[in-house]
Amino acid sequence: SNCNISTVGASKFYQRLIETFSSSLSNVRSLDLSDNRLASRGVSILCKSLGYFTHLTDLYLENNKIGDKGVIALADHIKSHKTLAYLTLRLNLIQDVGAQTLIEVLCSKENFESINLKCNHISSSMCDYLTELARKNGKKNRS
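Reference entry: report on the structure contained in this document. Here the structure is a predicted model, which is why all the values come from computation and not from measurement.

Rules of the game
- Residues numbered from 1 in each chain as written.
- Predicted model: local features only at pLDDT ≥ 70, side-chain atom pairs only at ≥ 80, totals over all residues.
- Heavy atoms only, no water.
- 1 Å grid on protein atoms, 1.4 Å probe; cavity = no way out; pocket = protein on both sides within 12 Å on 5 of 7 lines; lining within 4 Å.
- Points joined across faces, edges and corners; volume = space filled by probe spheres on them.
- Nonpolar A, V, L, I, M, F, W, Y, C, P; charged D, E, K, R; others polar.
- Axes fitted to C-alpha atoms, helices over the stretch in contact; angles between N-to-C directions.
- Helix = DSSP H or I, 4+ residues; strand = E, 2+ residues; numbered from the N terminus.
- Parallel < 35°, antiparallel > 145°, perpendicular 65-115°, else oblique.
- Left-handed = near helix turned anticlockwise from the far one by under 90°.
- Contact = heavy atoms within 4.5 Å.
- Buried < 20%, exposed > 50% of the residue type's maximum accessible area, 1.4 Å probe, protein only.

This part covers empty space enclosed by the protein. Overall, the coordinates contain one cavity of 30 Å³ or more when judged by the stated rule. Approximately 30 Å³ is the volume found for the largest cavity. In this structure, the largest cavity is lined by Leu50, Leu56, Leu59, His77, Ile78, His81 and Leu84. Tallied by class, the residues present in the lining of the largest cavity amount to five nonpolar, two polar and no charged.

Here we come to the packing of helix 2 (residues 39–49) against helix 3 (residues 67–78). It is at 8 Å that the axes of helix 2 and helix 3 come closest, and there the two elements cross at 15°. By the angle between their directions, the pair helix 2 and helix 3 is classed as roughly parallel. Once helix 2 is placed against helix 3, the crossing between them reads as left-handed. Every residue of helix 3 that contacts helix 2 at Ser40, Val43, Ser44 and Cys47 is listed here: Lys69, Gly70, Ala73, Leu74 and His77.

The next thing to look at is unusual backbone geometry. Even without glycine at this site, Arg37 takes up a positive phi of about 50°. By the secondary structure assignment, Arg37 is in the loop between strand 1 (30–32) and helix 2. By relative accessible area, Arg37 is classed as partly exposed at 48%. Despite not being glycine, Leu91 has its phi angle at roughly 55°, a positive value. Its place among the elements puts Leu91 in the loop between strand 3 (86–88) and helix 4 (96–107).

Take it as geometry only, folks, not as evidence of what the structure does.
Structure, rendered in structure tokens:
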């Protein structure tokens, strides 16, 4: 958290991380990259390396100015990630389009348990829709 990685350094950081620790990344269960100014480009780069984190259950990306473009890229990656259960995306300039795309992907995952989207730019009508969608999905997954 708060490593000041930024979009510029993200590519080199993840490349070096994979080169150095690729054999042990599969054991990582929690990854906190909050407060790093990743933006949408940094998240796109991060998504390329998340495949190495095969047991990742918790991902914290709070306050990174990810926006809709970044969260849509993340949602696309999450489709194929089997173990992710908790995702924190507070303070990321996410709007209705990004939130809806992400929630629809997460609702299709049986093991997903919790998301934090507080302090984004999601309308109250979209929040109501997403809450109802999550509620319906919860009932479907329990039956």
